[in-house]
Amino acid sequence: MGRIEARFRTLKQEGRKALVVYLTAGDPTLQATASLIPALEAAGADIVEIGVPFSDPTADGPVIQAASQRALRGGTTLEKILAMIASLRRTCGIPIVLFGYYNPLLGYGTQRFAADAAASGVDGILVVDLPPEESDELRRWTDPAGLAFISLIAPTTAPKRARRILRGAAGFVYFISVTGVTGTAAPRIEEIGHAIGKFRPMTTLPVAVGFGISTPAQAAAIAPLADGIVVGSALVRLIAETGQRGDPVPAAAAFTAMLRRAIDGEVADGRMRPPLPE
Amino acid sequence: MYGGRYAAETLMPALLELESAYRAARRDSAFRREFSGYLHQYAGRATPLYEARRLTEALGGAKIYLKREDMGHTGSHKINNTLGQCLLARRMGKTKVIAETGAGQHGVATATAAALFGMECRIFMGEEDIRRQAHNVYRMRILGAEVVPVAAGTATLKDAMNEAMRYWVSAVRDTFYVIGTTAGPHPYPVMVRDFQSVIGREAKRQILKREGRLPDLLIACVGGGSNALGLFYPFLAHTPVAMTGVEAAGKGLDTPFHSASITAGRVGVLHGNKTYLLQDEHGQVRDAYAIAAGLDYPGVGPEHAWLRDTGRADYVAVADDEAVEGFVALSRREGIIPALESAHAVAHAIRTAPAMAKDRIIIVNLSGRGDKDAETIAQRGEVTG
C-alpha cells in the first residue's frame, strides 16, 4: 500500500479528514522547504504538495506566481527538488505529491522523471495542464513506477466527463472548489457540497477540495463535505511574508496547527484568521 | 506529434464545447456566407496581390509580389481571424470576449470585431508593450475595449497570454477567448488557420489570373505563425511551391535576444499545445525578444513545427538590423511602409530574390502596415531627413 492510501485509510479509521498543504519548492530556499515539510507534518499536515516552479503558471493566482518566480530566481530545479525529497525521506514519512506543469517534466525527460521521482520517495504527481486526453505520454512511465496520477475535477466538469476522469484516477481526487485560478476567490460551500455529491458515487478514492481555502473557518466548513482539504496560497503567502524577516517555519507550523484543529472540529471559531502580519 | 490540448481541467469543457461549435459552424453554409460577407463588405477583402516592380528591378532576380494584408481594415491580417471568432462567439451565445495582444494589432482587431457585434471586450497586454505600442492602446480604448496591463514576467506577449488564460479560467462560462495566432490549445490552431487561409486562397486565385501559374516561393514572417499559415495552407498540396517562414533573430541567434522558436528552440508544452519553444535545459520558458512586438513570442503554432519536421516548409531567421533595412527598402522603393513584423519577410525576399532567375515568382505576405512602428524606427535614428 502506498503512503497516500495508507494515510487516508488511517484517517478514515480515526474519523478524521486529511489536511493537505501546498508549498512552492525553493521559496524562499530549498533548504527552507526541506525544514518546512517535517515541521508542517508535526503540526498536523497529512499530505504535502510540493510545487515545482514553472515560468508560466497559467492556473495559478498572483501568490503562487510570485513564489514560483522567486524559486526560479533562486536556482530551483526539478533535479534539486528530487534530491531534497530523497534526503528528507531518510527521516520523514509524510506522503509527498509533486504539483506542477508539464513542461519542466518534459524537459527533464518523462521516463527519467518517473524513475527518479519514484526513487526519491515521491508518492504522487499532479500535473495541472495534463488532462486525461494528454496524460498517456507521461503515465506510461509514471504509472508503472508506482506514482499515483492525481486527477482534477473542476466546477465546470460535467458528470459524463467526471466519470471518464475518475476511471483513470489514482491516489485521491482533487476537486477544484472555485471556477478560477489558485488563491483568488472564496469557495461557496453549498456549491461544493452539491458538486461533490454528484461525482462521489463514481469513485472509491478519497476526495480533497482545494483552490481558495485560506482560513481555518473555511477549512472547518468544507472538511465535512469531503475526505480532505488543500490549503496552498494562504500558506505560501504566510511563508513569503515571514520568510523575508527570518525563519518562516514557526508561523507556517502555527497556521497548519490552526487548520488542523479547525478541521478536527476542536475549535469552530468563524472569526479565526491566519496569523498574517498586518 | 504537435498541438494537443494541454489545458487545466476547468477549461477543458469549454475547449470541447468550442471544438464542437466550430465544427458545426464550419459545416454550416450560412455561417460561411456570413463570415465571407463580413470579410468582403467590412474588412475590405479581397486584398490586392501587388507586383513590386521597383523592388524586383532593384534586386535583379525573381519577380516579387506582395499580398497586401496591410490594406485590410485595421491594417493587418488579424481582422480575418477576429471576425471569424467573434461570429462564432455570437453563434455560441457568448456576449464577452477577451484577447491577448503583443503589438496591439490583434487587440485592435478584436476590439473592432467586438464593437461591430456589440460585445464586451477586454484585452490583456504586457506593460512593456503598452509603452512600445501606445498608439494601438488608444485605438483599442476608442473602440470601447478595456486594456488590462500585465506586469508579470517580461510584461510582453507571453505574459499577456498567461493572464488572458487565467482570466478565462475564472470567466469561462460566459466569455469567449479570441486567441490571435495559430497557437493555444486545440481547436485554436486549426480554427485560426482556417479563418486566415482566405489569404492563401485569394493569393492563389490572383496569381493564377495574373501569371497563369503558381508561384515558386512563398515568404511570410512567423511569430505565432497565423499570417504565414494563412498564406501557406492553401498551397500545401502544390509541392512545387516552396515556402519559407521567417522568424525574428533579434540581436542574433547567439544571444538570448531573439524569438526564433523553430530555428533555435526545442519541443515543449506552453499555452496548451506542444510545439517548438524557447526554453532552458530545465523546461523553463525563456523570454523572447524581437524588434517587432508581434513576433515577440517564445512558441510557434504547432502546424509550423510539423511543416518544419516534414520539410514541407523551411524556416530562417532575420535579425533586427536586416528587418529594418527591409522596412526602409520597401518604404523607399514602393511607397509602402510595412509593419516591422512583415519587414522580416521582406528582408528575406531581398536576400533570396537576386539568386533566383527572373522568370521565378515570389509572393511575400505583407501582413500589416507600419504606421505603428514609425516611433521605433525614429528612435533607432536610421532614417534621417
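Residues numbered from 1 in each chain as written. Chains lettered and ligands numbered in written order. Predicted model: local features only at pLDDT ≥ 70, side-chain atom pairs only at ≥ 80, totals over all residues.

A. Highlighting the overall build of chain B. Helix and strand content of chain B: 16 helices and twelve strands. Radius of gyration (C-alpha) of chain B: 19 Å, near the 21 Å computed for a compact globule of 385 residues. The dimensions of chain B, computed from C-alpha atoms along their principal axes, are 55 × 45 × 40 Å. A buried classification covers 62% of the 385 residues belonging to chain B. (Helix = DSSP H or I, 4+ residues; strand = E, 2+ residues; numbered from the N terminus. Rg over C-alpha atoms; globule rule 2.2 N^0.38 Å. Buried ≥ 20, exposed ≤ 12 C-beta atoms within 10 Å, placed from the backbone.)

B. Examining the overall build of chain A more closely. Check the secondary structure of chain A and you find twelve helices and nine strands. Scaling as 2.2 N^0.38, a compact globule of 278 residues should have a C-alpha radius of gyration of about 19 Å, and chain A matches this with 17 Å. With the principal axes as the frame, chain A shows a C-alpha extent of 50 × 50 × 35 Å. Expressed as a percentage of its 278 residues, the buried residues of chain A come to 56%.

C. View of the interface of chain A and chain B. Counting residues at the interface gives 32 residues for chain A and 28 residues for chain B. Of all the secondary-structure elements, those providing two or more residues to the side of chain A that touches chain B are helix 3 (62–73), helix 5 (102–108) and strand 6 (151–153) of chain A. Counting residues per element, the side of chain A that touches chain B draws most heavily on helix 5 of chain A, which supplies six residues. Tallied by class, residues from the side of chain A that touches chain B come to 17 nonpolar, ten polar and five charged. (Contact = placed C-beta atoms within 7 Å. Nonpolar A, V, L, I, M, F, W, Y, C, P; charged D, E, K, R; others polar.)

D. Structural view of the nonpolar core. Counting 227 residues, the largest nonpolar core has I229 and L235 of chain A together with I362 of chain B as the members making the most contacts within it. Leaving out residues up to four positions away in the same chain, I362 of chain B has contacts with A62, I64, Y65, P215, D216, L217, I219, A349 and A353 of chain B. (Core = buried A, V, L, I, M, F, W, Y, C linked by C-beta atoms within 7 Å.)

E. Geometry of the sheet that holds strand 4 (residues 124–127) of chain A. All names here are of chain A. Reading across from one edge, 5-4-3-2-1-9-8-7-6 is the order of the nine strands in this open sheet, with parallel pairing throughout. Looking at strand neighbours, the two that pair on one side only are strand 5 (148–149) and strand 6, the edges of this open sheet. Of the pairings in the sheet, the one linking strand 4 to strand 5 comprises two bridges and is parallel in character. The partner of I125 across the bridge, within strand 5, is F149. Each of strand 1 (18–24), strand 2 (47–51), strand 4 and strand 5 is contacted by helix 1 (residues 3–14), which is oriented at about 140° to strand 1, the strand it contacts most. (Pairing = 2+ DSSP bridges. Axes fitted to C-alpha atoms, helices over the stretch in contact; angles between N-to-C directions.)

F. The sheet that holds strand 4 (residues 120–126) of chain B, seen in detail. Residue and element names in this part refer to chain B. Taken together, four strands build an open sheet; the order of strands is 5-4-3-6 and the sheet is parallel. Only two strands of the sheet have a single neighbouring strand rather than two, namely strand 5 (146–150) and strand 6 (175–177). Averaged over all pairs of adjacent strands, the angle between their axes in this sheet comes to 25°, without regard to strand direction. Relative to strand 4, strand 3 (residues 96–101) runs parallel, the two sharing six bridges. In the strand pairing of strand 4, I98 is matched with R122.

G. Helix 8 (residues 157–171) of chain B, seen in detail. Residue and element names in this part refer to chain B. Counted at 1.5 Å a residue, the expected span for helix 8 with its 15 residues is 21 Å, and the 21 Å between its end C-alpha atoms agrees. Burial within helix 8 is extensive, with twelve of its 15 residues counted as buried. Residues of helix 8 that are buried: L157, K158, D159, A160, M161, N162, E163, A164, M165, R166, W168 and V169. Buried residues along helix 8 sit against strand 3, strand 4, helix 6 (127–132), strand 5 and strand 6. (Expected span 1.5 Å × (residues − 1).)

H. Representation of helix 2 (residues 30–42) of chain A in the model. All names here are of chain A. With 13 residues, helix 2 should reach 18 Å at 1.5 Å per residue; the first-to-last C-alpha distance of 19 Å fits that figure. Of all the residues in helix 2, the buried ones are A32, T33, L36, I37, L40 and E41. Where the residues of helix 2 are buried, they touch strand 1, strand 2, helix 4 (78–88), helix 11 (233–243) and helix 12 (249–263). A positive phi of about 120° marks G44, the residue just after helix 2.

I. Layout of the environment of Y276 of chain B. Residues and elements named next belong to chain B. For Y276, the position within the fold is in strand 10 (residues 273–277). Judged by the 26 C-beta atoms lying within 10 Å of it, Y276 falls in the buried class. Separated by 30 residues in sequence, Y276 and W306 place their C-alpha atoms 9.7 Å apart. Residues contacting Y276, with those up to four places away along its chain left out, are S261, I262, G265, R266, V267, V300 and A305.

J. How the structure looks around the packing of helix 14 (residues 320–334) of chain B against helix 15 (residues 340–352) of chain B. Residues and elements named next belong to chain B. Direction vectors running N to C along helix 14 and helix 15 enclose 90°, while the axes themselves pass 7 Å from each other. Classified by the angle their axes make, helix 14 and helix 15 are roughly perpendicular. Residues E322, A323, E325, G326, F327, A329 and L330 of helix 14 form the contact with helix 15, whose participating residues are L340, A343, H344, V346, A347 and I350. (Parallel < 35°, antiparallel > 145°, perpendicular 65-115°, else oblique.)

K. Fine view of the pairing of strand 3 of chain B. Residues and elements named next belong to chain B. For strand 3, a buried count of five out of six residues is recorded, marking the element as mostly surrounded by other parts of the structure. Bridging between strand 3 and strand 6 involves three bridges; their strand directions are parallel. Bridge pairing in strand 6 places I98 opposite Y177.

L. Region of the structure containing the pairing of strand 10 of chain B. Residues and elements named next belong to chain B. Most of strand 10 is tucked away, with five of its five residues classed as buried. In this sheet, strand 10 lies alongside strand 9 (residues 266–270) in antiparallel orientation, the contact comprising five bridges. Opposite V269, over in strand 10, you have K274 as the bridge partner. As consecutive antiparallel partners, strand 9 and strand 10 are separated by two residues, and within that stretch H271 has a phi angle of approximately 50°, a positive value.

M. Geometry of the packing of helix 4 (residues 78–91) of chain B against helix 9 (residues 188–196) of chain B. All names here are of chain B. Contact geometry of helix 4 with helix 9 gives a least axis separation of 8 Å together with a crossing angle of 120°. Every pair of crossing elements has a handedness; the one defined by helix 4 and helix 9 is right-handed. Seen from helix 4, the contacting residues are N80, N81, G84 and Q85; seen from helix 9, they are V192, F195 and Q196. For the contact of helix 4 with helix 9, the class distribution of residues is two nonpolar, five polar and no charged. (Left-handed = near helix turned anticlockwise from the far one by under 90°.)

N. Inspection of the environment of I150 of chain A at higher detail. Residues and elements named next belong to chain A. Of note, I150 is situated in the loop between strand 5 and strand 6. Of the residues examined, I150 has 23 C-beta atoms within 10 Å and is grouped as buried. Along the backbone, I150 and V97 are 53 residues apart, and their C-alpha atoms lie at a distance of 8.7 Å. Beyond its immediate sequence surroundings of up to four residues, I150 is in contact with V97, G124, I125, L126, A170, G171, F172 and Y174.

O. Layout of the confidence of the model for chain A. Overall, the predicted model of chain A reaches an average pLDDT of 94, with 96% of residues at or above 70. A low-confidence stretch, residues 268–273 of chain A (pLDDT under 50), is modelled with nine contacts involving residues beyond four sequence positions or located in other chains. (pLDDT = per-residue confidence, 0-100.)

P. Geometry of the environment of H106 of chain B. Residue and element names in this part refer to chain B. Tracing the chain through its elements places H106 in helix 5 (residues 105–116). H106 sits 56 residues away from Y50 along the chain, and the two C-alpha atoms are 24 Å apart. Excluding residues that lie within four positions of it along the chain, H106 makes contacts with K78, A99, T101 and G180.

Q. Fine view of the confidence of the model for chain B. This prediction gives chain B a mean pLDDT of 96; 99% of its residues lie at or above 70. We note a pTM of 0.95 for the whole complex and an ipTM of 0.94 for its interfaces.

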